[in-house]
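Descriptive analysis of the structure
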Amino acid sequence: MRLKEALLRDWRRESFDEIDSYLLRAVGGRRPETVPAPLDAVYDRAERRRVAHLLHGDQDFDRFEGLEAARCFAAVTAAHQLAAWQEITAAFDAAGIAVAGNKGPFLGALLDRPAGRMPVTTDLDLLVAEEQVAAAVAVLESLGYIRGLNIQDHAFVRMSSRSVRELEQEQGSFGQLAPMCRLLKLPELDDMQPGIERWLPDRKIVWTSAGIRSVLSVDLHFDLGHRSASGVAYPIPAAELLRDAVTVRHRGAELRTLDADTMTWLLCYRAYLDTAVFGERRFKPFADAAELIRARGRAGAAWDTATDRYPHIAGPVARTLRFLTDECGADLGAPVLAPVPDADEAPAPPAPRSAHIVVCHGWGSRERSAPWVAELRSQLAAADVTVEECAPFRDVADPLTVGAAVAELRERAHAVRTRSPGTAVGFVGVSLGSTVALAAALADPSPDFLVAVSPVVDPVAESTGDDGGWSFLGSAVSPAFAEDLTACSPGRRLGRVGCPVLVLHGGQDNERRTHDAHLLAAGAAARDGRSARQEFPAGNHTLDNAPVGAAAAVSTWLDRLGLVALRSGNRS
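Keep in mind the model is a prediction, meaning the values are calculated, not measured.

Let's talk about the state of the cysteines
In this structure the tally under the stated criterion is zero disulfides. Between C360, a free cysteine, and C390, which holds the nearest cysteine sulfur, the sulfur-to-sulfur gap is 4.0 Å.

A look at the pattern of salt bridges
Where charged atoms of side chains with opposite charge meet at close range, the side chains can pair. Here the structure, examined in full by the defined rule, presents 23 salt bridges. Note that R71 and E68 form a salt bridge whose closest N and O atoms lie 2.8 Å from each other. Pair noted here: R71 and E68 are both in helix 4 (residues 65-95), with a separation of three residues, about one helical turn. Accessibility expressed as a relative area gives 16% for R71, which makes it buried. Assessed through its relative accessible area of 39%, E68 is described here as partly exposed. A salt bridge links D244 to R309; the nearest nitrogen and oxygen atoms lie 3.7 Å apart. Highlighted residues: D244 in the loop between helix 9 (238-242) and strand 10 (246-250) and R309 in helix 12 (residues 300-309), separated in sequence by 65 residues. We classify D244 as partly exposed; its relative accessible area is 43%.

Re empty space enclosed by the protein
Here the structure, examined in full by the defined rule, presents four cavities of 30 Å³ or more. Estimated volume of the largest cavity: approximately 90 Å³. What lines the largest cavity is a set of 13 residues, among which A52, H53, P119, V120 and R203 lie closest to the centre. Classifying every residue of the lining of the largest cavity by side-chain character gives seven nonpolar, two polar and four charged. Estimates place the volume of the second largest cavity at around 60 Å³. Of the residues forming the lining of the second largest cavity, the biggest block, four residues, is contributed by helix 18 (residues 511-527). Here the residues of the lining of the second largest cavity sort into six nonpolar, three polar and two charged.

What about the sheet that holds strand 19 (residues 501-506)?
Spatial strand order, 13-12-14-15-19-20: six strands in an open sheet with parallel pairing. Whereas interior strands pair on both sides, the edge strands pair on one side only; in this sheet they are strand 13 (385-390) and strand 20 (532-536). On average, adjacent strands in this sheet sit at an angle of 15 degrees to one another, irrespective of strand direction. Packed on one face of the sheet, helix 18 meets strand 15 (449-453), strand 19 and strand 20 and runs near 160 degrees to strand 19.

With respect to the packing of helix 15 (residues 402-419) against helix 16 (residues 432-441)
Two elements in contact, helix 15 and helix 16, have axes separated by 9 Å at closest approach and are oriented at 60 degrees. Accordingly, the angle class assigned to the pair helix 15 and helix 16 is oblique. In this structure, helix 15 crosses over helix 16, and the sense of that crossing is right-handed. Here V402, A405, V406, L409 and R410 of helix 15 come into contact with helix 16, specifically with T435, V436, A437, A439 and A440.

A look at the pairing of strand 19
Remark: a regular strand shows side chains that alternate across the two faces of the sheet. With six of six residues buried, strand 19 is to be regarded as a mostly interior element. Both faces of strand 19 are covered, namely the face carrying V501, V503 and H505 and the face carrying L502, L504 and G506. Where strand 15 lies against strand 19, four bridges are found, and the strand directions are parallel. In the sheet register, V451 faces strand 19, and the bridge partner there is L502.

The rules we used
- Residues numbered from 1 in each chain as written.
- Predicted model: local features only at pLDDT ≥ 70, side-chain atom pairs only at ≥ 80, totals over all residues.
- Heavy atoms only, no water.
- Disulfide = S-S within 2.5 Å.
- Salt bridge = Lys/Arg side-chain N within 4 Å of Asp/Glu carboxyl O.
- Helix = DSSP H or I, 4+ residues; strand = E, 2+ residues; numbered from the N terminus.
- Buried < 20%, exposed > 50% of the residue type's maximum accessible area, 1.4 Å probe, protein only.
- 1 Å grid on protein atoms, 1.4 Å probe; cavity = no way out; pocket = protein on both sides within 12 Å on 5 of 7 lines; lining within 4 Å.
- Points joined across faces, edges and corners; volume = space filled by probe spheres on them.
- Nonpolar A, V, L, I, M, F, W, Y, C, P; charged D, E, K, R; others polar.
- Pairing = 2+ DSSP bridges.
- Axes fitted to C-alpha atoms, helices over the stretch in contact; angles between N-to-C directions.
- Contact = heavy atoms within 4.5 Å.
- Parallel < 35°, antiparallel > 145°, perpendicular 65-115°, else oblique.
- Left-handed = near helix turned anticlockwise from the far one by under 90°.

Everything listed here is a matter of geometry and, on its own, says nothing about what the molecule does.
In structure tokens, the structure reads:
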């Protein structure tokens, strides 16, 4: 399990030990009775993992000096965050800028946390639409905030206008804006400077000769998804989340924030990304997600809506939930999202019936050109299965449009159903042919099953210059073909595919196609436990170098679905 390996392995020369194990059980709400190390060592680790708040209520830590410092600091920062939010939201409302908050005091409001038992945070995370970031920054600057990351730099105290570091290139976040132009007076913390320096050494605090003068910074987020190292985008635009924002009253203030379900799946998604993708050992997102689920539960319909809109969250969310239950001992109730199974984990099938398969080939491919399709036909020869092929894009100089190919595929399915009622009809799409198969499966009636080989979920046609020419995979195509290609792309409609889906892809394929394969598989498995995915590590894009394995994966999956009855000698 990638998440477990990433979180539990040695990371940056820091071993995962019994203290981390103790804290993970605390994340799950089941902290062992025996503290595995001296209190200061456990607290220090909990503070570095940002989960010291989980030690509240433990008699061993009840009067511990570090926790007392954290309680006081959390209460003061929470009060200033709420005051800052009220000032900021009033200014944003006056400027006509939609804004909502995420995590921090907003999560505290959803959980109704007492101020002294909130996690210590100095960030106010705000969501704004990407097109309004510049206006939002201007409003914050008018309130006395300036840009910069290292807000400890005393140049800001001298009201310098320079930024220590610009963060516009960061993932979906503008960066931090800190209120340095007007020093915030926090006399309630002046006597705590030694304790804060000792017990909260990594917090972003501005110290001056007169004491502590700022504990607040603002992060503007316009996209809560992520982008891979090669530039493949997995977007969750803040503008879309803002449309469903809710208002929560907390400690005398009204906070606009995300609803509990949205906050929960976002926390699960980010927890997985931070650990398994970005390689950070962070416990706090897991702790926040577990606490929110225990307090507010999980609504299946709301999560289904989310995975309809953002299919790429399904796998990460499911794996986070599994990690919380299996590794942290959390009691989260019945699972909402089933883990994405591999091709050999499908449930028991119903009684078999006859089947008809229509294979749609991809760009530049012809009928009977794929070795694995020939192998599939051979493996299914003894079963009541017909395999036919179509190649709508074989002539790249004058290809059939995707829309016309979709119509052809559906006409073939209709003809089979009319001719042989009761026959299961399925589509197999290869590369660009999977775009056709997916688009055809989105219409009603849908096929009984769908196999996507190296799926192309988001095909791109690019302009080749001012002459209006377009190309696809290096071949010139007409503007009409390019427009049709874009219009027929399944995109975010993947969650509406109602039949079981098998996704096959090669480990040697490019990152964009691998991304599409995982995206499709995660969305399908979240809705249908019969869906599956199988990767061939040495396989190329069309799996022509893995004909036996690819064919066996399809035939065995169909057997387990109960759509074919294979002889034992045909199982590989």
